[in-house]
Structures are given as C-alpha cells and as structure tokens.
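# Working through the structure, step by step
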Amino acid sequence: MSLVELDAVDAGYGENQVLHDLTLSIQPGRVNCIIGPNGSGKSTTLKAVCGLVDVWDGTIRVRGDDVTNAHPRDVVERGVVMLPQGGNVFPEMTVKENLRIGAFLVDDRDVLERRYREVYEMFPVLEEKKRQRAGELSGGQQMMVAFGRALMPDPEILLLDEPSAGLAPDLVDDVFDQVERLKERGRDMIIIEQNVRRVLDVAEYVYVLDQGERMYEGETEALRDEDEIMRMYIGERHG
Ligand SMILES: Nc1ncnc2c1ncn2[C@@H]1O[C@H](COP(=O)(O)OP(=O)(O)OP(=O)(O)O)[C@@H](O)[C@H]1O
Ligand SMILES: [Mg+2]
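Model, not experiment: these values are computed from the prediction. (Residues numbered from 1 in each chain as written. Chains lettered and ligands numbered in written order. Predicted model: local features only at pLDDT ≥ 70, side-chain atom pairs only at ≥ 80, totals over all residues.)

Looking only at helices and strands, the chain features 10 helices and 10 strands. By its C-alpha atoms, the chain is 50 × 40 × 35 Å across when sized along the principal axes. (Helix = DSSP H or I, 4+ residues; strand = E, 2+ residues; numbered from the N terminus.)

Attention now goes to the domain arrangement of the chain. Size of an interface, as often reported, equals the accessible area lost when the parts are brought together. Splitting the chain by domain gives domain 1 (1-79 + 158-239) and domain 2 (86-154). Domain 1 and domain 2 are separated by 24 Å when their C-alpha centres are compared. Tallying the contact residues gives nine residues for domain 1 and eight residues for domain 2. Those elements giving two or more residues to the side of domain 1 that touches domain 2 turn out to be α2 (72-77) and α7 (169-184). Split into classes, the residues belonging to the side of domain 1 that touches domain 2 amount to six nonpolar, two polar and one charged. (Domains from an automatic or database assignment. Contact = placed C-beta atoms within 7 Å. Nonpolar A, V, L, I, M, F, W, Y, C, P; charged D, E, K, R; others polar.)

Our focus in this paragraph is the site of ligand 1. Around ligand 1 sit Tyr-13, Asn-16, Val-18, Gly-36, Asn-38, Gly-39, Ser-40, Gly-41, Lys-42, Ser-43, Thr-44 and Gln-85, and that is every residue in its neighbourhood. For the shell around ligand 1, the secondary-structure elements that each account for two or more residues are β2 (16-26) and α1 (42-49). By residue class, the composition of the shell around ligand 1 is two nonpolar, nine polar and one charged. (Near = placed C-beta within 6 Å.)

Residues that lie three or four places apart on an α-helix share one face, since the helix turns once every 3.6 residues. Between its first and last C-alpha, helix α6 (residues 139-151) extends 19 Å over 13 residues, near the 18 Å set by a 1.5 Å rise per residue. Within α6 the residues assigned to the buried category are Gln-141, Gln-142, Met-143, Met-144, Val-145, Ala-146, Phe-147, Gly-148, Arg-149, Ala-150 and Leu-151. On its buried face, α6 sits against β6 (80-83), α3 (95-102), α4 (109-122), α5 (124-128) and β7 (157-161). (Expected span 1.5 Å × (residues − 1). Buried ≥ 20, exposed ≤ 12 C-beta atoms within 10 Å, placed from the backbone.)

Time to look at the packing of α3 against α6. Where α3 contacts α6, the two axes come as close as 7 Å, and the packing angle between them is 35°. Considering the relative orientation of α3 and α6, their crossing is right-handed. Contacts between α3 and α6 involve Val-95, Asn-98, Leu-99, Ile-101 and Gly-102 from the former and Val-145, Gly-148, Arg-149 and Ala-150 from the latter. Across the contact of α3 with α6, the residue classes break down as five nonpolar, three polar and one charged. (Axes fitted to C-alpha atoms, helices over the stretch in contact; angles between N-to-C directions. Left-handed = near helix turned anticlockwise from the far one by under 90°.)

Moving on, we get to the environment of Asp-65. Its location among the elements puts Asp-65 in strand β5 (residues 65-66). Asp-65 sits in the exposed class, given 10 other C-beta atoms within 10 Å. Residues Asp-65 and Val-4 lie 61 residues apart in sequence; the distance between their C-alpha atoms is 9.3 Å.

Turning our eyes to something else, we now look at the nonpolar core. Leu-159 and Ile-191 are the most contacted members of the largest nonpolar core, which totals 62 residues. Looking at this core element by element, the count peaks at seven residues for α6. Mapped onto the domain boundaries, this core takes at least three residues apiece from domain 1 (1-79 + 158-239) and domain 2 (86-154). (Core = buried A, V, L, I, M, F, W, Y, C linked by C-beta atoms within 7 Å.)

Turning to the sheet that holds β7, a few remarks are in order. Pairing in this open sheet of six strands is mixed, and the strands run β6-β7-β8-β3-β9-β10 from one edge to the other. Both outer strands of the open sheet, β6 and β10 (213-219), are each paired with one neighbouring strand and no more. Between one strand axis and the next, the sheet turns by 15° as a mean value, whatever way the strands run. One ladder, built from four bridges, connects strand β3 (residues 31-35) with strand β9 (residues 205-210); its direction is parallel. Across the sheet, Ile-34 pairs through a bridge with Tyr-207, a residue of β9. (Pairing = 2+ DSSP bridges.)

Here it is in structure tokens:
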C-alpha cells in the first residue's frame, strides 16, 4: 500500500488551478524528491497533502485512508508532517516554545522530553538557545528550529520543502547530513529541493513536475539515463 497517494488531483488557489490531474504514489521505505521549475506546483503538492490548499478534484490518501481536504491536524495525526518552505518560525516565541508547537499532539511528559532530547541531539545549537526568541536567531538557525519543530511529532513521513534554501554553504552541508542521518534511521521523506545535484545523491526516487503536471517519475539511478529530462530540468549548472 502507498504511504501517500495523490490520485488525479486538481488543486489551486481561488480561480488559479495549479495542479492538473496529478497522480503520485509514494511507496514506503525510501527517500523521494520532487524537482521542477519555480512555480511548477511543488509546494502546492505537499500543501495539498497536508490539507493546506483546496483540492478541487481527485483523491489524496495516507496509507489508504482518504484525507482529501482533511483538517491539517488530521494529517499530522496520521504521521505526515511538513517543514514549510522558508521555515516560518514564530519569531516572538522561544526556540523551545516553537518546538513545543510541533508536538501539539503529545501530552505525555516523558515522550515530550524524549523528543526535545532527540531534536537537541540533532541540532545542539537549539539547546543552547532554547530560551531565546526564535526571531533573534540567524536565518540558518531559524531553519533548524523549523526542522526541529517538524521532527517533534516523530512523523512517519517527513515533507521537507526546500530545507537548504538560502543557507550558507556549510549549513547546506549540515542539512544534507541531517537528511542522510534520518534516511539511515529509516525515516520516509519527500524532499523538494532547488539543489538538485545534492538531493539526487540522497533520494532514491524522483518526481519531476512542470506546470502542475508530472513530467517524470522513477528511480534516481534511471533518471541519469533520461537525457531529455536531464537536459530540460536538471541542466549542466547542477553538474
Ligand atoms: N497562496 C497562494 N495564493 C495564490 N497563488 C499561489 C499561492 N501559492 C502559490 N501560488 C501560485 O501557484 C503556482 C505554484 O506555486 P508553488 O508554490 O506550488 O510552486 P513551486 O514549484 O513550489 O515553486 P518554487 O520553486 O518557487 O517554490 C505559482 O504560480 C504560484 O504563484
Ligand atoms: Mg515551492
């Protein structure tokens, strides 16, 4: 059974249709990535899964259960959690309060403490700064707060929307190291990335979107032989 499935989904904002008859079937046990030009509907795809954009037609399922236009909370309860594009921390709240929000479904104190420890272990700087307001942190540290917040519910599948965007090169390395660690521990992920070369090194399965349509899907290894797709969407600059 698919972990997450979009079946012939149309979705958009107001009058503006973004996703056109989009079908994706995310299998468990692998790291997936979605690549494609700016505005091609990558973020909208993940937002549709999370109940954050109107689905006009078609069906979205998580482990077989219909979650089309579900309340975002219901999707989190099913183990699907997103790191939104740009991070979006709550600047007035402390780092720890931001993490707490991610674990809004957790009411067992021991479980909560364990989750904090796991996040602090991944991002030690967050423990150092846990009492500071998130808005006072650097952009890179704010992205770590957002990443940590997404991990707090211990999601079965983590949706990462451009986790490395706007970060200095050493922080980009850190993000991909964390993604590798999560992969080694068996976490399922869907990653959207502009940093195509880096994400293709970690992802096992790739989807290419263009204008809200699926142009390609397949094993990452097979993509390297798709000259046309490589030329159109990956290009030499990603080397
Ligand atoms: N909140 C919104 N309201 C109206 N239109 C939106 C909204 N968010 C996105 N769009 C439009 O939907 C289309 C797809 O946007 P989306 O953010 O899904 O693309 P993307 O592939 O994630 O692009 P990027 O690589 O720039 O992040 C774009 O034309 C965009 O302008
Ligand atoms: Mg986007």
